[in-house]
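# Observations on the model geometry
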Amino acid sequence: MADDKKAVPEDVSSDIATIKMLRIAQERGQETIFDRAVKMKQCNIGTEGICCKVCSQGPCRLPLTKGIKDGTEPDNRKGLCGATPETIAARNLVRQIAAGCAAHSDHGRGVVETFRAMAYGEAKDYTIKDELKLREVAGYFGVATTVKDGDKEKVRDKWDIAREVADIALGQWGQQQGEMLYLSRAPKPTQDRWEKHGVKPRGIDREVVEIMHRTHMGVDQDYRNLLKQGARCSLGNGWGGSMMATDLQDVMFGTPYPNTGEINLGVLSHTKVNIIVHGHDPLLSEMIVAAVHTPDMIEYAKAQGAEGYVVAGMCCTANEILVRHGMPIAGDYLQQELAVVTGAVEAMVVDIQCIMENLANISSCYHTKFITTMPIAKCASGKNTMHVEFEEHHAMDKAKEIVKIAADNFKNRKEVQIPTEKTKMVVGFSTEAIKYHLGGTFRGSFVPLNDNIINGRIRGICGVVGCNNARVEHDEVHLALIKELIKHDVIVLTTGCSAMACGKAGLLTPESAAVYAGAGLAEVCETVGIPPVLHMGACVDNSRILTAAAEVIKAGGLGKELADLPAAGAAPGWMSEKAVGIGQYFVTSGVYVMLGVPLSIYGAPKLVDLLEKEMEELYGATWAYDPDPISAAHKIIAHIDKKRAALGINQARERVLMDMADRQKIEAA
Ligand code: NFS
Ligand code: SF4
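A brief structural summary. Residue numbering note: each chain is counted from 1, following its sequence as written. Just so you know, chain letters begin at A and ligand numbers begin at 1, following the order they were written in. Reporting in this predicted model follows two pLDDT cut-offs: at least 70 for local features of residues, and 80 or more for side-chain atom pairs to be given and counted; totals over whole chains, interfaces and linings ignore these cut-offs and use all residues. Water and hydrogen atoms play no part in the side-chain values, which are based on all heavy atoms of the structure.

### Quick look at the overall build of the protein
We count it as follows: Strands are runs of DSSP state E lasting at least 2 residues, helices are runs of H or I lasting at least 4, and numbering of each runs from the N terminus. Atoms counted for the radius of gyration: C-alpha only. Globule rule: 2.2 Å times residue count to the power 0.38. Throughout, exposure labels follow a simple rule: accessible area from a 1.4 Å probe, protein chains only, divided by the maximum for the residue type, with under 20% read as buried, over 50% as exposed, and the rest as partly exposed. Contacts were defined at the residue level, with two residues in contact if any of their heavy atoms lie within 4.5 Å. Positive: Lys, Arg. Negative: Asp, Glu. His and the chain ends are not part of the count. For charged residues, the charge sits on one atom: NZ in Lys, CZ in Arg, CG in Asp, CD in Glu.
Helix and strand counts for the protein come out as 28 helices and 18 strands. Expected size for 669 residues packed as a compact globule is a radius of gyration near 26 Å; at 25 Å, the protein falls within 12% of this value. In terms of overall dimensions, the protein has a C-alpha envelope of 75 × 70 × 50 Å along the principal axes. Looking at the protein residue by residue over its 669 residues, the buried ones come to 61%. In the protein, 74% of the contacts between residues at least 6 apart in sequence involve partners at least 24 apart. Across the protein, the 75 positively charged side chains and the 84 negatively charged ones have centroids separated by 1 Å.

Structural data, given as structure tokens:
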């Protein structure tokens, strides 16, 4: 019977803990996403982007026939209103960009609101942890960090700065005219391109709303014009909402610096209360981490017969508390149901995004309390589902309430099966950390990194990011691509679930350089003691990749705009609309983006041409798609080599110490 179809664990994941737990779930008759992916097929027309349901005369479906594909039939496809496949697919795509950017930027808004409440003394449990970063960030908002005191300049009070930064930052969401402030952080020639093509965002919310308007029935019917708005909206997120989220989280919770941690389901404990914090927003999880370290909560756990607590993260919330506190990661997006199957999770505490609704069902099979915490993200069903609403003004009290619910639940554990797998990793490479780590001198600098790229020890840079997707092999799509890249001396910057795949496979350790990296990259990693794959944080922190790239340009020798860099981005297993938003801000910023799962565009050939060819002319970069990770890696390497040739550094050079004049010569070449 088709309904009994189940996934073959070894075929759907390369992660041992996942395979073990999936087998256990299947033996118990508990269904997970892996089984549902086998049972439910994807819709061909939907995956090709050519199903329109923006008005009730549809859905209008315009399948791409074989005849149209091979040119033996004319392409006369039209919806009821006459909409072409290009219009339909472009509308669908830019709506995905709008949703993805809205999600990331709304997370950012929440951060700014809490930051503002803190600055005005209304959220007493939060504070300024990184004053230096606040002073740096103030500069981007045009906020003075010194004040005149007679004829002297005096350092301005940090709370005064914070209040002004908070007000200006919050205004970026509702700004209606002009251009967003953070765009000025991009290299000038990159900004000039945006200016030329009219894609500088005015305000975050405005660009999202405009997409919703323009994709309404009967408005924008020019796929190029639609994608232009998609590009504009994406910049409002990448160089706006996401970047501000990262910056102000750093100010409140600390800028990440290299730190060690552990990952995989084996981090759960037999003897302690296990609390999983899952989602994306660090505002609550930071408080839960603080709460479990308070004497009264430790006593409380002991009174319930537990030895204390494990707070383990899941999805990007995990990355946030890992990079700042070294808290362990239980797993990535595809492991969320399996964490519950261990029978060892007292509370699955979720905030926003990437939370599977099936957590309600699977939690009902165990003692696990599935606790939603955000007013915008509740769950309607499940006997173990409950809602404890988080409030920034009483953050610690709320965190303790949740911790107590978990501790009370410890005694209800039944059969526990925790896999032994867990891996050590080095994480927390913020832009600042890379600067200091690779600088190796008294002052941090990107110059040594640039030198190593110019002399060819490092061939180029690739940001490999994004989700896991149940339609492709769990973890393996990331690992195969990344191993091929580092083998060819491409240093990898990673975030999100991709970073977790690397962590589980041991790629986030300095020792992995000797095993997997090419000779040049391995030498650099060994000299400075870094892994060949640098964990930069959560998905929202993809903005760190932009700021790092901007720093590389500033350090000189590798071109004038981001599009000149021997660099690329990849999302081998993406599934979320956020990934489409991210990919588009990379492309619009001049970074070539390779996907391992297709965008829903392939039913509209002219739109494909725009994304995979014409965008080169506009932004200096394109989208690309290749489901085979090895051949995708080689396309990325070819792209990097093309950029190296354009810079005149395609011949691997012997190490020469370059001064600024040498670097300028290369730029002029
Ligand atoms: Ni990014 Fe993080 Fe993972 Fe994908 Fe979801 S957790 S924001 S969206 S699935 S990487
Ligand atoms: Fe069909 Fe046009 Fe309505 Fe879309 S907008 S559903 S193509 S009639």
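### Re empty space enclosed by the protein
As a reminder, the rule being used: Every definition here rests on a 1 Å grid over the protein atoms only: cavities are sets of points where a 1.4 Å probe fits but cannot get out, pockets are open sets enclosed by protein on both sides within 12 Å along at least five of seven lines, and lining residues have some atom within 4 Å of a point. Grid points are joined across faces, edges and corners, and a volume is the space filled by probe spheres set on the points. Note that the domain bounds reflect an automated or database-derived domain assignment.
In total, this model carries six cavities of 30 Å³ or more according to the counting rule given. Lining the largest cavity are 20 residues, and of these Ile461, Leu493, Ile545, Ala548 and Ala549 lie nearest its centre. Secondary structure elements with two or more residues in the lining of the largest cavity: α18 (431-439), β13 (460-464), β14 (490-495), α24 (542-555) and β16 (567-571). Broken down by element, the residue count for the lining of the largest cavity peaks at five residues, all from α24. As for the second largest cavity, its lining consists of 14 residues, and the residues nearest its centre are Cys52, Cys55, Cys60, Cys81 and Arg91. If you count residues domain by domain, the lining of the second largest cavity takes at least three from each of domain 2 (50-80) and domain 3 (85-253).

### Section: the coordination of the nickel atom of ligand 1
Counted only if it meets this: Counted as coordinating are nitrogen, oxygen and sulfur atoms within 2.8 Å of the metal, or 3.2 Å for Na, K and Ca, while water is not included, which may make sites look incomplete. Four donors are marked tetrahedral only if all angles between them lie between 85 and 135 degrees, whereas four are marked square planar and six octahedral if opposite donors are more than 155 degrees apart and the other angles lie between 65 and 115; the remainder are marked irregular.
One donor from the polypeptide reaches the nickel atom of ligand 1: Cys539 (SG), at 2.1 Å. Its four donor atoms give the nickel atom of ligand 1 angles of 89 to 156° at the centre, a pattern that matches the irregular case. Inspection of the secondary structure puts Cys539 in the loop between β15 (533-537) and α24.

### With respect to the environment of His394
By secondary structure assignment, the location of His394 is in the loop between β11 (385-387) and α17 (395-409). A residue is classified by how much of its surface remains accessible, and His394, at 39% relative accessible area, is partly exposed. As a C-alpha pair, His394 and Ala123 span 271 residues in sequence and 7.2 Å in three-dimensional space.

### Comments concerning the pattern of salt bridges
Where we set the bar: Each salt bridge in this description consists of a side-chain nitrogen of Lys or Arg and a carboxyl oxygen of Asp or Glu lying within 4 Å of one another.
Going through the model one piece at a time under the given rule, you end up with 47 salt bridges. Across the pair Lys200 and Glu195 runs a salt bridge whose closest N-O atoms are separated by 3.1 Å. As a salt-bridge pair, Arg324 and Glu320 come within 2.9 Å of each other at their nearest N and O atoms. On the criterion of helical spacing, the pair formed by Arg324 and Glu320 is a turn pair, its members being four residues apart in helix α14 (residues 315-325). Exposure class is identical for Arg324 and Glu320. Each is buried. Residues joined in a network through salt bridges with shared partners are Lys133, Arg185, Asp247, Asp250, Glu320, Arg324, Glu432, Asp541 and Arg544.

### Re the site of ligand 2
This is how it is decided: Distances are taken per atom, and a residue is near a molecule or strand as soon as one of its heavy atoms is within 4 Å of it. Grid points define the cavity or pocket, and a molecule sits in it when more than half of its atoms lie within 2 Å of them. Think of it as three bins: nonpolar holds Ala, Val, Leu, Ile, Met, Phe, Trp, Tyr, Cys and Pro, charged holds Asp, Glu, Lys and Arg, and polar takes everything else, Gly as well.
Not every one of the 13 residues close to ligand 2 is listed here, only the nearest: Cys52, Cys55, Gly58, Cys60 and Cys81. Its atoms largely coinciding with the cavity grid, ligand 2 occupies the second largest cavity. Class assignment for the residues of the shell around ligand 2 results in nine nonpolar, three polar and one charged.

### What to know about the layout of surface pockets
In this structure, the largest pocket spans a volume of roughly 1100 Å³. As for the largest pocket, its lining consists of 35 residues, of which Gln42, Gly46, Thr47, Arg471 and Ser600 are closest to the centre. Sorting the residues of the lining of the largest pocket by element identifies α3 (33-39), α4 (44-47) and α6 (85-119) as the ones contributing at least two each. Of the pockets and cavities examined, the second largest pocket occupies roughly 620 Å³. Lining the second largest pocket are 29 residues, and of these Glu136, Tyr140, Glu432, Lys435 and Glu551 lie nearest its centre. Secondary structure elements with two or more residues in the lining of the second largest pocket: α7 (131-140), α11 (223-253), α18 and α24. Ranked by the residues each element gives to the lining of the second largest pocket, the list is headed by α24, at seven residues.

### Examining the packing of aromatic side chains
Inclusion rule: When two rings of Phe, Tyr or Trp (its six-membered ring) have centres within 6.5 Å they constitute a pair, described as stacked for plane angles under 30 degrees, edge-to-face for angles over 60, and tilted for the intermediate range. In this scheme, Lys NZ or Arg CZ marks a charge over a ring once it lies within 6 Å of the ring centre and within 35 degrees of the ring normal.
The final tally for this structure, using the stated rule, is six aromatic pairs. In this structure an aromatic cluster arises from ring pairing among Tyr140, Phe141 and Tyr182. When the ring centre of Tyr140 is taken as reference, the NZ or CZ atom of Arg185 above it lies at 3.7 Å. Sitting above the plane of the Tyr182 ring, Arg185 keeps its charged end 4.9 Å from the centroid.

### Digging into helix α27 (residues 629-647)
Put simply, the rule is: Take the residue count of a helix, subtract one, and multiply by 1.5 Å to get its expected span. Two N or O atoms count as a polar contact when they lie within 3.5 Å, although within protein this holds only if one can serve as hydrogen donor and the other as acceptor, and sequence-adjacent residues are included solely when both atoms are side-chain atoms.
Between its terminal C-alpha atoms α27 stretches 27 Å, which fits the 27 Å expected from 19 residues at 1.5 Å a residue. Sitting at the head of α27, Asp628 places a side-chain oxygen 3.1 Å from the backbone nitrogen of Ile630. After α27 finishes, the residue Gly648 shows a positive phi value of roughly 75°.

### As for the pairing of strand β3 (residues 146-149)
Formally: We treat two strands as partners when DSSP finds at least two bridges between them.
Examined bridge by bridge, β3 and strand β4 (residues 152-155) share four bridges and lie antiparallel to one another. Bridging across to β4, Lys148 finds its partner in Glu153. Hairpin connection between β3 and β4: a loop of two residues separates the two successive antiparallel strands, and Gly150 in this loop has a positive phi of roughly 65°.

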